[in-house]
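# Geometric and topological summary
One letter stands for each residue in the lines below.
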Amino acid sequence: MDSKNMMKKYIERIERFFDTKKIINERISLEYIQDYYRSSILAYKVLHTFRGYMHMGISFDGKYKVSDLLTSVKIVEGYIKDRKFSHILELASGNGVNSSYLVCRNPDLEIIGIDLSTNPKKSVKGYRHINGDFHDLNTLKDNSMDLIFVIEALCHSQNKEEVFRQCFKKLKKRGLFIVFDGYSRKSKLSKKYMETISLISKSMAVDRFISLEEFRTLANKFNFKIIEEKDFSSNVLPNAERFRKISNVYFSSYILHKVLTKIFPMIELQNLISLNLLSLSVKNNLLCYYMHVLEKN
Ligand SMILES: C[S@@+](CC[C@H](N)C(=O)[O-])C[C@H]1O[C@@H](n2cnc3c(N)ncnc32)[C@H](O)[C@@H]1O
């Protein structure tokens, strides 16, 4: 079966398990995002790794390995070393594992991480965690950061202009803003495909995936120069395929679904929808995964 027909079949199956119209119409507030991540801690650990990474592995050999979860943070580290940076800010630092990895390998770094729904207990020298919203960086000094990075979380923002404005203010001149994230590949899509993307995004607490074009426009608007743009869509496929196979176990049994709805919160189970459709949406050119390196002009 080709990936187009397969996606159609998967959606029909999902509709038998979940009220997809209700999910598509969900209002995604900051509280909703917080609730989603707080309820999904265990699911993320089991699906990704107990080490706390909550993002896609980027694989270069067509096979997913746990070490592929480090690809993005190693790319960030490359820029830090190249430019001899020391003051780093991680937006949506999750469990703090990306930044902890960086400070452990580079003891001269000073990293601040900010996240809405997590509060890592373990303290690591050189790393400070702030429990907060990345739309408000007012407690940090202007022009103080060499590099700001965010892995798979800018998509959660419903006011990306504000995030760009804040980052521009906090970065030093020629400072870098590095973003790894998912986007809608095209700006215009049929109603049917818009609904598919919406079903995926809402089931992972993202109100809307902006298009690549919208991202580039935002970067320009805030006087950031795009110095590197990489399409990693095919590189996240091995990880996304793994998610598809795992979630297929869930969608193969309605009885299992009914039992699990009695045990786990709906907000957590709904995430299985995005896991089931992610790789197909990439193969069908609906969603894509990019890294952007922006430089403050
Ligand atoms: C997919 S996880 C990625 C976490 C981390 N970047 C990583 O690579 O493991 C998304 C994270 O974004 C955080 N987040 C979402 N919206 C946020 C906001 N407005 N301010 C701060 N953190 C936010 C969530 O709490 C969650 O920890």
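Read on for a plain summary of the structure. These numbers come from a predicted model, not from an experiment.

For the rest of this paragraph, the subject is the overall build of the protein. Each helix and strand in the protein was counted, giving 13 helices and seven strands. Each of the three principal axes of the protein carries a C-alpha extent, and together these read 55 × 40 × 40 Å. Taking all 297 residues of the protein together, 43% fall into the buried category. Restricting to contacts in the protein with at least 6 residues of sequence separation, those with at least 24 account for 76%.

A few words now on the site of the ligand. The immediate surroundings of the ligand are formed by 22 residues, with M54, A92, G94, S117 and A153 found nearest. Looking at the shell around the ligand, the elements with two or more residues in it are helix 3 (30-39) and strand 2 (110-115). Element by element, the count of residues in the shell around the ligand is highest for helix 3, at three residues. Per-class residue counts for the shell around the ligand are eleven nonpolar, eight polar and three charged.

In a packed pair of helices, the relevant descriptors are the angle between the two axes and the axis-to-axis distance. Two elements in contact, helix 10 (residues 233-251) and helix 13 (residues 271-283), have axes separated by 7 Å at closest approach and are oriented at 140°. Between helix 10 and helix 13, the angle falls in the class oblique. Of the two possible hands of crossing, helix 10 and helix 13 adopt the one that is left-handed. Between helix 10 and helix 13, the contacting residues are S233, L237, A240, E241, F243, R244, I246, S247, N248, Y250 and F251 on the first element and L272, L275, N276, L278, S279 and V282 on the second. Of the residues assigned to the contact of helix 10 with helix 13, the class counts are ten nonpolar, five polar and two charged.

Here we take up the environment of F264. Following the sequence through the fold, F264 ends up in the loop between helix 11 (254-263) and helix 12 (266-269). Exposure remark for F264: the 15 C-beta atoms within 10 Å place this residue in the partly exposed category.

In contact at an axis separation of 8 Å, helix 8 (residues 191-202) and helix 13 are set at 135° when each is read in the N-to-C sense. As far as their axial angle goes, helix 13 and helix 8 are oblique. Handedness of the crossing formed by helix 8 with helix 13: left-handed. Residues T196, I197, L199 and I200 of helix 8 pack against I273, S274, L277, L278 and S281 of helix 13. When grouped by side-chain class, the residues that make up the contact of helix 8 with helix 13 number six nonpolar, three polar and no charged.

Phi is positive for A92, which is not a glycine, with a value near 55°. Relative to the helices and strands, A92 is located in the loop between strand 1 (87-91) and helix 6 (97-105). We classify A92 as buried; it has 26 C-beta atoms within 10 Å. Although it is not a glycine, N223 adopts a positive phi angle of roughly 60°. Mapped onto the secondary structure, N223 falls in the loop between helix 9 (212-221) and strand 6 (224-231).

Our focus in this paragraph is the nonpolar core. Counting residues in each nonpolar core, the largest one holds 80 residues, and the members touching the most others are I88, L91, L147, I148, V150, F177 and I178. Non-local contacts of I178, meaning those with residues more than four positions away in its chain, are made with V76, Y79, L147, F149 and V293.

Across the sheet, seven strands lie side by side as 3-2-1-4-5-7-6; this open sheet has mixed pairing. Strand pairing shows two members of the sheet lacking a second neighbour, strand 3 (127-131) and strand 6, which therefore form its edges. Strand after strand, the sheet turns through a mean of 15° between neighbouring axes, direction not considered. Sheet topology places strand 4 (residues 145-151) next to strand 5 (residues 171-184); six bridges connect them, and they run parallel. Within the sheet, the bridge partner assigned to L147 lies in strand 5 and is L176. Packing against the sheet, helix 7 (residues 160-170) makes contact with strand 1, strand 4, strand 5, strand 6 and strand 7 (287-296), and its axis sits at approximately 155° to strand 5.

What follows covers the pairing of strand 1. Of all the five residues making up strand 1, four are buried; the element is thus mostly covered by neighbouring parts of the structure. The pairing of strand 1 with strand 2 spans five bridges and is parallel. By the bridge assignment for strand 2, L91 is matched with I114.

Time to look at the environment of D115. Here D115 lies in strand 2. We classify D115 as buried; it has 23 C-beta atoms within 10 Å. Ignoring any residue separated from it by four or fewer positions in sequence, one finds D115 in contact with A92, S93, G94 and N131.

Basis of the calculations
- Residues numbered from 1 in each chain as written.
- Predicted model: local features only at pLDDT ≥ 70, side-chain atom pairs only at ≥ 80, totals over all residues.
- Helix = DSSP H or I, 4+ residues; strand = E, 2+ residues; numbered from the N terminus.
- Buried ≥ 20, exposed ≤ 12 C-beta atoms within 10 Å, placed from the backbone.
- Contact = placed C-beta atoms within 7 Å.
- Near = placed C-beta within 6 Å.
- Nonpolar A, V, L, I, M, F, W, Y, C, P; charged D, E, K, R; others polar.
- Axes fitted to C-alpha atoms, helices over the stretch in contact; angles between N-to-C directions.
- Parallel < 35°, antiparallel > 145°, perpendicular 65-115°, else oblique.
- Left-handed = near helix turned anticlockwise from the far one by under 90°.
- Core = buried A, V, L, I, M, F, W, Y, C linked by C-beta atoms within 7 Å.
- Pairing = 2+ DSSP bridges.

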